[in-house]
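Residues per chain are reported as follows:
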Amino acid sequence: MTSDNATAPGTEITLRVNGKPHTLYVDNRRVLLDLLREDLDLTGAKKGCDHGQCGACTVLVDGRRLNSCLLLAVSLDGAEVTTVEGLAGDGEETHPLQRAFLDRDAFQCGYCTPGQLCSAVGMLAEAAAGHPSHVTDPAAPSGRPVPLDRPEIRERMSGNLCRCGAYPGIVEAVEDVIR
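Rules used throughout
- Residues numbered from 1 in each chain as written.
- Predicted model: local features only at pLDDT ≥ 70, side-chain atom pairs only at ≥ 80, totals over all residues.
- Heavy atoms only, no water.
- UniProt positions renumbered as here; feature names shortened; annotations may be inferred.
- Buried < 20%, exposed > 50% of the residue type's maximum accessible area, 1.4 Å probe, protein only.
- Helix = DSSP H or I, 4+ residues; strand = E, 2+ residues; numbered from the N terminus.
- Pairing = 2+ DSSP bridges.
- Arc of directions from axis to C-beta.
- Contact = heavy atoms within 4.5 Å.
- Core = buried A, V, L, I, M, F, W, Y, C linked by side-chain atoms within 4.5 Å.
- Domains from an automatic or database assignment.
- Buried area = accessible area lost by both parts, 1.4 Å probe.
- Salt bridge = Lys/Arg side-chain N within 4 Å of Asp/Glu carboxyl O.
- Polar contact = N/O pair within 3.5 Å; in protein donor to acceptor, adjacent residues only side chain to side chain.
- Axes fitted to C-alpha atoms, helices over the stretch in contact; angles between N-to-C directions.

- The protein chain carries the name 2Fe-2S iron-sulfur cluster binding domain-containing protein in an unreviewed UniProt entry, which gives Streptomyces misionensis as its organism.
- Checking UniProt for the protein chain, the heading Pathway (unreviewed entry) contains the comment "Alkaloid degradation; nicotine degradation."

**Digging into the pairing of strand 3 (residues 58–61)**
- Across the two faces of strand 3 the burial is the same, with Thr 58 and Leu 60 and Val 59 and Val 61 all buried.
- Where strand 3 folds back onto strand 4 (residues 64–67) in an antiparallel hairpin, the turn is made up of 2 residues, including Asp 62, whose phi is positive at roughly 50 degrees.
- Two strands pair when backbone bridges link them, and strand 3 and strand 5 (residues 80–82) are joined in this way by 2 bridges, in the antiparallel orientation. Note that in strand 5 the partner of Val 61 across the bridge is Val 81.

**Looking at the pairing of strand 1 (residues 10–17)**
- As paired elements, strand 1 and strand 2 (residues 20–27) share 8 bridges and run antiparallel to each other. The partner of Leu 15 across the bridge, within strand 2, is His 22.

**Quick word on helix 3 (residues 96–103)**
- Of the residues making up helix 3, those classed as buried are Leu 97, Gln 98, Ala 100 and Phe 101. Along the axis of helix 3, the buried residues cluster in a sector spanning 165 degrees; they form a single face.
- In the core, the buried residues of helix 3 are packed alongside helix 4 (113–128) and helix 6 (167–178).
- Positive backbone phi, at 50 degrees, marks Asp 105, one or two positions downstream of helix 3.

**Focus: the nonpolar core**
- Among the nonpolar cores identified, the biggest contains 25 residues, and Leu 87, Leu 97, Phe 101, Met 123, Ile 153 and Val 174 are the most heavily contacted of them.
- Those elements that place two or more of their residues in this core are helix 3, helix 4 and helix 6.
- With 7 residues, the top contributor of residues to this core is helix 4.
- Setting aside anything within four residues of it in sequence, one finds Ile 153 in contact with Met 123, Leu 148, Val 171, Val 174, Glu 175 and Ile 178.
- Grouped together as the second largest cluster of nonpolar side chains are 22 residues, Ile 13, Leu 24, Val 26 and Leu 71 included.

**A closer look at the domain arrangement of the protein chain**
- Each assigned domain of the protein chain is listed here: domain 1 (10–86) and domain 2 (96–178).
- Just the C-alpha atoms count here: the centres of domain 1 and domain 2 sit 22 Å apart.
- Taken residue by residue, the interface counts 16 residues in domain 1 and 16 residues in domain 2.
- Counting the surface lost from both domain 1 and domain 2, the interface buries some 1,200 Å², and carbon and sulfur atoms represent 55% of this.
- Linking domain 1 with domain 2 are 1 salt bridge, by the criterion used here.
- Summed over the shared surface of domain 1 and domain 2, the result is 7 residue pairs in polar contact (both at pLDDT 80 or more).
- Broken down by element, the residue count for the side of domain 1 that touches domain 2 peaks at 3 residues, all from strand 3.

**Here's the deal with the sheet that holds strand 5**
- Pairing in this open sheet of 5 strands is mixed, and the strands run 2-1-5-3-4 from one edge to the other. The sheet is open, and its two borders are formed by strand 2 and strand 4, each paired with just one other strand. The sheet shows a mean angle of 40 degrees between the axes of neighbouring strands, direction not considered.
- Sitting on the sheet, helix 2 (residues 32–39) is in contact with strand 1, strand 2, strand 3 and strand 5, with an inclination near 75 degrees to strand 1.

What follows is the structure, encoded as structure tokens:
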């Protein structure tokens, strides 16, 4: 820690991360991704671009998928955060999407996989809640679940980049879960 950071203003916050409460004193400039990785040793979310453009750091905050590299931790006091480590809950079983990713070989190097998984979980919830995407038929009734076909899945997952090109397997894994 540099001398500048030693005098940085901080705030005590409480987060529920993967179902467990954590009260921490954090530098007001600290982003959620760094808090998860460095303070809580939850290294699933990855630091890719550090600009919110690649999706490697995607986590769920109060059920919404968000880029943790852009979120000031202090702004999340009282929030529920779910990382890839918490998708399955307390059980030994994997989340259905995790199982589908394995079955479909929807990863190669695996670097983007945690963000892809959290994004897919959030995307399924958004579609079920009736949130349209850019490719959703404008004539579709508002507020009703959006059917997820391949173009809809691709559009909704487009904020998560994969350098290896595992996109076909990712789409197939999501399709397996919604069938």
